[in-house]
Amino acid sequence: MQKSFTTNFLTKEHKVNEGEIPQYYVTGNHEAIIEPEAWELVQREMERRKSEKGRHSGVRLFSGKVYCRECGTRLGSKVWHSTDKYKQVIWQCNKHCKKNSPCKNGMHLTDEELKTAVLSATNKLIENKDEILNGLQEIVGGVCDTHTLEGEKTKLESEMDVCAKMIEDLIRQNAAIPQDQSEYQAKYEDLERFYNDKKRP
């Protein structure tokens, strides 16, 4: 805030703030274009992709999701007999044909074999769905009872919202009406300290 300020209150002349008065970075002031949770997920996914060797591919359903049991490298899709009636997609270790330290695992899976294996594993999960969900609910219920924490969180958020509004009003008032800057700074620092104290876990 305060990217610009009024230099003359009679003529309403404005000037870009080049350090003459304090500037402030306000968060949570308006609805985000991208939800913070979605943004965090994307950042984590980007970090995950950076940590993996080779480029990321999303060309096929299983791209980047199937790994070699021998060396841990991702399996890549290749097309066999691409121009005749025997055409098929197969999955093979990406290091299998490398000249330097090739993978010893020479086996491959067809696209259909991979789909069948995934469906089989999914069906097993569905068969035991109730048992798995009950066990999961017990774990969640025992470890993640957050009712008390949620109440405290709501109270803190309410106090922080009030404090943030007071800071905004103070900044807006400082930009519109001439006042003692040392007194203004003291008020601002008190509010900021209160806000940061509430923000800490």
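Before going into details, it helps to say that this report is about the structure given with it. No experiment lies behind these values; they were computed from the predicted model shown.

What counts as what
Residues numbered from 1 in each chain as written. Predicted model: local features only at pLDDT ≥ 70, side-chain atom pairs only at ≥ 80, totals over all residues. Heavy atoms only, no water. Pairing = 2+ DSSP bridges. Helix = DSSP H or I, 4+ residues; strand = E, 2+ residues; numbered from the N terminus. Axes fitted to C-alpha atoms, helices over the stretch in contact; angles between N-to-C directions. Contact = heavy atoms within 4.5 Å. Salt bridge = Lys/Arg side-chain N within 4 Å of Asp/Glu carboxyl O. Buried < 20%, exposed > 50% of the residue type's maximum accessible area, 1.4 Å probe, protein only. Disulfide = S-S within 2.5 Å. Core = buried A, V, L, I, M, F, W, Y, C linked by side-chain atoms within 4.5 Å. Patch = residues over 30% accessible without salt bridge, like charges linked within 9 Å, V, L, I, M, F, W, Y side chains within 5 Å. Areas by Shrake-Rupley, 256 points an atom, 1.4 Å probe, with all protein chains shown as cover. Lys, Arg positive; Asp, Glu negative; His and termini not counted. Charge placed at Lys NZ, Arg CZ, Asp CG, Glu CD.

Judged by pairing direction, the sheet is antiparallel, and its three strands sit side by side in the order β3-β4-β5 without closing on themselves. A single partner strand is all that each edge strand has here, and the edge strands are β3 (75-80) and β5 (108-110). When the angles between neighbouring strand axes are averaged without regard to direction, this sheet yields 30°. In this structure, strand β4 (residues 88-93) lies alongside β5, joined through three bridges in antiparallel fashion. Pairing of tryptophan 91 across the sheet is with leucine 109, part of β5. Against the sheet, helix α2 (residues 111-127) contacts β4 and β5, and its axis sits at roughly 80° relative to β5.

Here tyrosine 25 shows up in the loop between β2 (13-16) and α1 (36-51). Separated by 23 residues in the primary sequence, tyrosine 25 and glutamine 2 place their C-alpha atoms 9.3 Å from one another.

With the rule as written, the count across this model stands at nine salt bridges. For glutamate 168, the salt bridge identified is with arginine 172, shortest N-O distance 3.8 Å. Of this pair, glutamate 168 and arginine 172 both sit in helix α4 (residues 147-176), separated by four residues, roughly a single helical turn. Residue class for glutamate 168 comes out buried when judged on its relative accessible area of 12%. With its nearest N and O atoms 3.0 Å apart, the salt bridge here joins aspartate 190 to arginine 193. One end of the pair, aspartate 190, and the other, arginine 193, are both in helix α5 (residues 181-199), three residues apart, so they sit about a helical turn from each other. Each member of the salt-bridge network shares a partner with another, and the members are Lys165, Glu168, Asp169 and Arg172.

Quick look at the state of the cysteines now. One pass over the structure, following the stated rule, counts zero disulfides. Residue cysteine 93 stays outside any disulfide, its sulfur separated by 3.6 Å from that of cysteine 71, the closest cysteine. We classify cysteine 93 as buried; its relative accessible area is 3%.

Positive phi values are uncommon outside glycine, yet histidine 81 reaches one of about 50°. Of note, histidine 81 is situated in the loop between β3 and β4.

Bringing the nonpolar core into the picture now. A general trend in soluble globular proteins is that nonpolar side chains are found buried together. Counting residues in each nonpolar core, the largest one holds eleven residues, listed as Tyr24, Met160, Cys163, Ala164, Ile167, Leu170, Ile171, Tyr184, Tyr188, Leu191 and Tyr195. When contributions to this core are tallied by element, the ones reaching two or more residues are α4 and α5. In terms of residues, this core owes the most to one element, α4, which gives six residues. In contact with tyrosine 188, other than residues within four places in its own chain, are Tyr24, Ile167, Leu170 and Ile171. With nine residues, the next largest nonpolar core counts Phe62, Val66, Cys103 and Leu114 among its residues.

Moving on: a negative patch on the surface. Together, Glu31, Glu35, Glu37 and Glu40 give the surface a local cluster of negative charge. Along the chain, glutamate 35 falls in the loop between β2 and α1.

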